[in-house]
Every structure is written in structure tokens, then in C-alpha cells.
Amino acid sequence: MSCPGGFGELNIPSSRAFWDDCEEDEFENIKPAEKLKLQFDAEGDAQELPVESELFVLIEGPQISEFCNNALLTGLKHICGIPSKKSALHWNAAKGQLVASLEEDLSNSGEITELLLPYAQLAKKVLTITIKPKVEYKSEEIDRFSDDVSIVCRIGGNKSDRDVVKLEEPNFIAGVTAGIASWRHQLDLPISSYVIYTDKLPLDAVAAQAVLQLLQKLGVTCSERYVPSSKDSSYLYT
Amino acid sequence: MLFLKNKAKTLDIADYTVILPSICVGNAAQLACDLLIASKKLQRIGSLFHPCLIPVYGPSAYQHEPEERVASCELYTSVEDKLLVIQFRAPLIARHTNDFQKQLVELLQPARRVIILSGSFGFERRIMEDSPWAYRASDNFKEAHAAQLGNASLVKWKEHTGEHIFGGGNALQLFKAFDQLKVPVMLLFRYLLEGDNSTDASLIVRELNELCEDFLQLRNGGDGKFKLTVPKSWNLLFGNEVTELLF
């Protein structure tokens, strides 16, 4: 491994202020951002009108798209692409359910939240599920969870739901699911928000069970089980 | 951008002192605002939304408002003390920051005065004997607080004149934006290093309170001392305990 800088070079830590690696002396020269847009398949105003749904489900996490495509979105109508990695919005007409599968992309999450607000506004109920790596879960009793593949937590919500741990500070969620949940909460609109800490990302057959069980319990149409497609190589040494 | 619980469209902050943290080295300014909000039991009045702010959501950060949910930018007030404290809980997205800053400054323009808290890398303090504090104030702020800023026994801060505050985030840009709109503004920062910055945070609050008690209205018992409350969100600030399984 070569030395990344010159020998003896002082590496000054970068600014904490900006998520996207900008420094204080570069900040004034940053060009304003171009506005992101939802990517509709067909052109026409009717396509672009937000859908009124019984339930708007948002599921967000790193490397989540394969799981969503195989276990959640089969047979659903693709409404539009969300301008962030492999994210998209799908519609289940039979159940009146709108499903947003969101690859974690914090840099664009504020803007994407704004794009999805009209859908969240029209939805009767909104459910957000955030998938995070288990190492990010903070607890004074962390040893209690050491053997668990997944830890499912709710943010506020139904106290009678004893299977699910209430998320305690200093844990929090970030991203589009957080934006939509926060917005609905501020407006006193119903919101169910969950976070699943898992020790396997991308999800494998075992780790996916916690997500599928939660989705089924909350009335979201999904597969019974998920088996990730096999890969020719592990890519471990390439 | 602005969401207020009372559904109002604008902030009524004439005569208010606004305390605003920049996202700086060690997050010391945000920690100072945390201490201020928890100690004074300030009331959440709303939040700010903008694409510049990465959305966050979770359990309340403070003991005195257990039913609240954290957001990326929260507004807290004390009507009695005419104090508005803004708290940021997420870093900024650089390409949206100019627009956010413009809207934020316009929103806070009616305030009586704005105090921006910040920090700079400790190694930027070139002379060891120099004060660990530095400040920058607009002319109208200096005029209005000549007695406090002119008190040499109290204020040992160095006036900052440079073009950058390294590690200070967008503090200087915010300062300039308020100054352009003729809002009395002071930027106070401390030279510090990354690590456990909770002490720096309490020092920032104490220093500001010492300069002018009517900024923060923090007093107690008549002996000049006051007790700061640590918010419950500071629990496990450096992560989980090391698991026993490791050994």
C-alpha cells in the first residue's frame, strides 16, 4: 500500500459542515444545484399527477433495490424513477398501495423528500421502513442483542406493539424516510415509522425475514421469503 | 422552508436574541446549543426544511420535551427571555447551502441581534499565549454593545479579521450575510480539537453568558453560578460499550 500523501505531510481534517466533501475555502465557488425531477415513463400531465393511496410505503437502505424488486415490487406498476441510484415509485392498484424503494443517498435525500411530499400528502396512511447496519444501533444493553440478526424498532407509534422495541435516543434515522416521517409528524398526520438494524447488508435470506415479517404484519403485499440471486463470484479479491 | 407549530407563516422575533450554531469542528457549537436548550427548558416552536438539510427523525433529544421528534433543524424559544435558539442536527449539502443561507438570513432579519457560535481547528491558533477565543462583530453590534465588548477585564477575545475560519463551517458566510442586511451580528468561536467537546460546549455557553447576561438569561442562586443540564441525547456519545464477547 502506498502512502496517500507526501511523507510527513500534515493532513488537515476536512470540514464537518458539508456532507458532500466541500471545504470552507471552496464553499463560495460551489455552483447552485440543478433541480432534480421524478423520471416518468410516459410523457403527459396525467402521468405526473400524484396518486392518492390508501397506504404509502417507503423503504430505504443501502443496497436495498434487489430485495425490493424481488420481494416487494413484482407485478406492481412502475410509476416513475426517483433520481437517486436505483430508486423508484411503484403502484399496487388492487390494494391502493404506493411503494417507494429508496437506495440510501443522503446527499439528495432532502430534495427527494420534497419531490415525494405530494404523494405523502395525499396518502391516507404512510409507513416508513429504514434499513441500517446493526453496528449503528446504540444501546446501554447492547449485549442483549448480540445474537440477533436483526433489531426491529418503532419510532413512537403503537405502544401495544410489544414485538417491536421502541427506538430510544441517541438513535435516529436519516434520509427520505426520515424526511417524510418528520413532515407527517409535524402536520399531525398518521405516520408509522420503523427502523430495522440488520447485520447483513445487502439483505440475505435470513436477514430479509425480519423485513418481510414486518411488512406482512403491517398489511403490505410482499413475498413469503426472499432468496438473493446467486452471483458467479464473491468479488472478494477483485 | 419554515414550519411553525402555531401554523404562522413568519417568525415574530422582533426584540429577540437569536443564537445560531455553525456546524463546526467537534460540533462544539451545536453541543453548546443543546446545553442551552436543555438547561433553559426552551420550547420547540417549529422546524426548518430545505434540500440543504439531510432529513433526520427520531426520539426527542431532550428530557423536558419527551413527545417531540428530532428534525434536521429545530427552533426553540423562550418568550419570557426573548431568546430563539436554532439547532442543526445534520450537515449541510454544499450545492444548496447558498439558497438555504439566503432564506435563513431573511427569516431571521427582524431579530434584535444574532449570535453565531462556532469553532476553529486548535492548530489554527498560531500563538500559544493567545486567547482560545476569537470573535467578529458587525459595526452596529459593536455600537450597541460597546460597554461589554470594551470591558478589557472581561473580554480577552481576539478580533478575527481573516477571510476563512478553518473548521468553522459556514459561520463566516452567515456572519457576512447578516451584516449585509444590517442585522447586528456577532460571531464567537473557540479554537478546539476533535474529541470529547462537551467541555468546549459548556465553556462556550459560560463565556457568552459572562459577556452579557441578558443574551441567555442564565443565572442561578445569586452567586453567579448556574447549572447546565446535559440532554439525554448525549448518552453514548462515543458509541456502545465494548462488548464482553470481545474478550
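From a predicted model like this one, the values you see are computed outputs, not experimental measurements.

> Outline unusual backbone geometry, listing residues and values.
In this structure, the amide linkage connecting glutamate 169 of chain A to the following residue, proline 170 of chain A, adopts the cis form with an omega of 10 degrees. Considering the arrangement of structural elements, one finds proline 170 of chain A in the loop between strand E8 (165-166) and strand E9 (173-174). Residues leucine 201 of chain A and proline 202 of chain A are joined by a peptide bond in cis, for which omega reads 0 degrees. With respect to the helices, strands and loops of the structure, proline 202 of chain A is situated in the loop between strand E10 (191-198) and helix H5 (205-217). The phi angle at glutamine 63 of chain A is positive, at roughly 50 degrees, despite the residue not being glycine. Relative to the helices and strands, glutamine 63 of chain A resides in the loop between strand E2 (55-61) and helix H2 (65-71). Taking the relative accessible area as the measure of exposure, glutamine 63 of chain A reaches 47% and is therefore partly exposed. At lysine 41 of chain B, a residue that is not glycine, the phi angle is positive and equals roughly 50 degrees. Mapped onto the elements of the fold, lysine 41 of chain B is located in the loop between helix H1 (28-40) and strand E3 (43-48).

> Describe in detail the interface of chain B and chain A, supporting the description with residues and values.
Each partner contributes to the interface: chain B provides 56 residues, whereas chain A provides 55 residues. Of the roughly 4500 Å² buried between chain B and chain A, counting both surfaces, carbon and sulfur atoms make up 59%. When residues of chain B are sorted by the area they lose upon contact with chain A, Pro55, Tyr57 and Arg95 of chain B head the list and together hold 18% of the total. The interface formed by chain B and chain A holds 3 salt bridges in total. Note that arginine 95 of chain B is salt-bridged to aspartate 20 of chain A, the shortest N-O span being 3.8 Å.

> Talk me through the pattern of salt bridges; I want residue IDs and the actual numbers.
Enumeration over the complete set of coordinates arrives at 17 salt bridges over all chains. A salt bridge links arginine 16 of chain A to glutamate 194 of chain B; its shortest N-O distance comes to 2.8 Å. Of this pair, arginine 16 of chain A sits in the segment before strand E1 (39-40) while glutamate 194 of chain B sits in the loop between strand E11 (185-192) and helix H6 (198-211), on two different chains. Salt-bridge contacts for lysine 142 of chain B lead to glutamate 159 of chain B; the nearest nitrogen and oxygen are separated by 2.6 Å. Taken together, the positions of lysine 142 of chain B in helix H3 (residues 139-144) and glutamate 159 of chain B in strand E10 (residues 158-159) put the pair 17 residues apart, joining distant regions of the chain. Within the structure, one salt-bridge network assembled from shared partners comprises Lys5, Asp34, Arg44, Glu68, Glu74 and Arg89 of chain B.

> Tell me what's going on with the nonpolar core, and back it up with residues and numbers.
General note: in soluble globular proteins, nonpolar side chains tend to be found buried as a group. Residue and element names in this part refer to chain B. Core analysis: the largest hydrophobic core is formed by 44 residues, its most contacted members being Ile19, Leu117, Trp157, Met186, Leu208 and Phe215. Among the secondary structure elements, those contributing two or more residues to this core are H1, strand E7 (83-88), strand E8 (113-121), strand E9 (133-137), E11, H6 and helix H7 (213-216). For this core, the element with the highest residue contribution is H1, accounting for 9 residues. Core analysis: the second largest hydrophobic core is formed by 42 residues, Leu53, Cys73, Leu108 and Ala111 among them.

> Account for helix H5 (residues 171-180) of chain B, with residues named and values stated.
All names here are of chain B. By the criterion of burial, H5 is predominantly enclosed, with 7 of the 10 residues buried. Within H5, burial applies to Ala171, Leu172, Gln173, Leu174, Phe175, Ala177 and Phe178. Looking one or two places after H5, you find lysine 182, whose phi comes out positive at around 65 degrees.

> Tell me what's going on with helix H2 (residues 94-108) of chain B, and back it up with residues and numbers.
Over its 15 residues, H2 of chain B runs 21 Å from end to end, which matches the ideal 21 Å to within 8%, given 1.5 Å per residue. For H2 of chain B, the principal kink sits at phenylalanine 100 of chain B and spans about 25 degrees. For H2 of chain B, the complete set of buried residues consists of Ala94, His96, Thr97, Phe100, Gln101, Leu104, Val105, Leu107 and Leu108 of chain B. Packed against the buried residues of H2 of chain B are helix H3 (106-122) of chain A together with strand E1 (2-4), strand E2 (17-21), E3, E7 and H5 of chain B.

What counts, and where the lines are drawn
Residues numbered from 1 in each chain as written. Chains lettered and ligands numbered in written order. Predicted model: local features only at pLDDT ≥ 70, side-chain atom pairs only at ≥ 80, totals over all residues. Heavy atoms only, no water. Helix = DSSP H or I, 4+ residues; strand = E, 2+ residues; numbered from the N terminus. Buried < 20%, exposed > 50% of the residue type's maximum accessible area, 1.4 Å probe, protein only. Contact = heavy atoms within 4.5 Å. Buried area = accessible area lost by both parts, 1.4 Å probe. Salt bridge = Lys/Arg side-chain N within 4 Å of Asp/Glu carboxyl O. Core = buried A, V, L, I, M, F, W, Y, C linked by side-chain atoms within 4.5 Å. Expected span 1.5 Å × (residues − 1). Bend = angle between axes of the 7 residues up to and from the residue.

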